[in-house]
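# Secondary and tertiary structure notes
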Amino acid sequence: MFENIIGQKNNVELLSSAVGRGNLPPALLFLGPAYAGKLSTALELARSLTCEQNAHWECTCAPCQAQRELTYPYTVMLGNRYFDQEIHRTANVFLSEPCKPTFFLFLRSLRKLLRRFDNFLWDEHDNHYRKAKPILTQLAEQVSEFDHSDYEQMAKKKAKEIQLIVDKGAKLAAVLRGYHVSISQIRALRHWCTTTSWQKKIVIIEEADHMNEGARNALLKILEEPPEGLYFVLIAPSKSTIMPTLFSRLRSYQFLQRSHEDERQILQRIFRQSQDDLTLEAFFGAHQGANLHNAAREFYAGMLNCAKFSDVYPGESAEENFKQFLYDLSLEIQQRWQAGEISSSLAQEMLHHMGNMRQQFLMYRQSAQSLAENFFFRYFNRKN
């Protein structure tokens, strides 16, 4: 149980004990920084709760196999994460070292994204879902074909074909940018819980701190009288980001930043990276950083050309590293200024405004998206 979790010994012991004694509460909160293993621990907890034997990682029971492959129908995932970076990185790992473990890693990264689009969670008329449906159908079909092949067949595919799959994953992830768990999804969960007969169901909500008020209140109603056999695991960066009435109904577990040695072990064992000075943040952020400047350029161009904010805001990428996004956006503004495309006074005003945005984000924990949206519409179609 929890053998694959590295660097969170205290939480592993507490969760193992609670599961073993059968006194795990129905609502948990995993707090901590990015790359601390919160989702991995939540998924392993789900597997442990549904295992028909002793919950060892190599257990061959049907629920364990489905949980490892992320196809178990009674474990549900909602919320956002760094999908495109994870898919991109795991694809590269598989292409550079094609073997069963790296193939498995790549498949899991794709399914982490696909499972956010479980049909029962979405209203078919929702704009995000309608936009996602064509890409979702294609990607789901391709991933389902992987179940009937093995890594050797997959490795024979050209890197270009793998890249097409990665690109589809990036497009599907882009649909979720700026989208947070909604009241309709929480209500759909409640209906699902009362109309399915399976004994244990697990709901994992990432970015729980970004749920809107309606979703939080709807979730509170479920937690006041939780259906039997239903477990919630909410994931957020810190206690201060969760409203007190919700926090009071959750048992919290604090995930610490992993040590350098733990991160090195993860990178070498799982991601086949041998650099001793590499960190998980740098490993996943390298792909992100390469794309943020292009994202800032598209954001600025869209602002001047009257595009829709939701179409040009990089969402998840910027949320993960808003400081970097602001820096790249400031470079874009300075380049436009030097090229004579915008006036000196406008450039200086924008740069001053961005300094305030950075302070509001770092010191007062204001939402990156709301700050970017305010900036977007303040300078919408302005050139002087």
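Residues numbered from 1 in each chain as written. Predicted model: local features only at pLDDT ≥ 70, side-chain atom pairs only at ≥ 80, totals over all residues. Heavy atoms only, no water.

### Quick notes on the side chain of aspartate 209
Counted only if it meets this: The secondary structure listing takes helices from DSSP runs of H or I that are at least 4 residues long and strands from runs of E that are at least 2 residues long, numbered from the N terminus. Two residues qualify as a contact provided that any one of their heavy atoms is within 4.5 Å of a heavy atom in the partner residue.
Following the sequence through the fold, aspartate 209 ends up in the loop between β3 (201-205) and α10 (213-224). Setting aside its immediate chain neighbours within four residues, aspartate 209 contacts Ile235, Ala236, Pro237, Thr241 and Ile242.

### Some details on the nonpolar core
The criterion, for reference: In this text, buried Ala, Val, Leu, Ile, Met, Phe, Trp, Tyr and Cys residues form a nonpolar core when linked through side-chain atoms within 4.5 Å. Burial classes follow relative accessibility: with a 1.4 Å probe on protein chains only, a residue under 20% of its type's maximum area counts as buried, one over 50% as exposed, and anything between as partly exposed.
Core analysis: the largest hydrophobic core is formed by 57 residues, its most contacted members being Ile205, Phe232, Leu234 and Leu246. The leading source of residues in this core is helix α6 (residues 127-146), at seven residues.

### Topic: the packing of helix α17 (residues 344-363) against helix α18 (residues 368-378)
Selection rule: Axis definition: a line fitted to C-alpha atoms, limited for helices to the stretch in contact. Angles are taken between N-to-C directions and run from 0 to 180 degrees. Small angles under 35 degrees read as roughly parallel and large ones over 145 as roughly antiparallel, with 65 to 115 read as roughly perpendicular and the rest as oblique. In a left-handed crossing the near helix is turned counterclockwise from the far helix by less than a right angle, and in a right-handed crossing that turn is clockwise.
Between α17 and α18, the shortest axis-to-axis distance is 10 Å and the interhelical angle comes to 165 degrees. Relative to α18, α17 is oriented roughly antiparallel. In terms of crossing hand, the pair formed by α17 and α18 is right-handed. On α18, the residues that touch Glu349, Met350, His353, Met354, Met357, Gln360 and Phe361 of α17 are Ala368, Leu371, Ala372, Asn374, Phe375 and Arg378.

### Concerning the pattern of salt bridges
One side chain can pair with another of opposite charge once the charged atoms of both are near each other. So the rule is basically this: The term salt bridge refers to a side-chain nitrogen of Lys or Arg lying within 4 Å of a carboxyl oxygen of Asp or Glu.
According to the stated counting rule, one finds twelve salt bridges in the structure shown. Across the pair lysine 131 and aspartate 311 runs a salt bridge whose closest N-O atoms are separated by 3.8 Å. Remark: aspartate 311 occurs in helix α14 (residues 309-312) and lysine 131 occurs in helix α6; sequence separation between them is 180 residues. Here arginine 249 makes a salt bridge to glutamate 224, at a shortest N to O gap of 3.6 Å. Taken together, the residues arginine 249 in the loop between α11 (244-247) and β5 (251-254) and glutamate 224 in helix α10 connect sequence positions 25 residues apart. Residue arginine 249 is classed as partly exposed on the basis of its relative accessible area of 35%.

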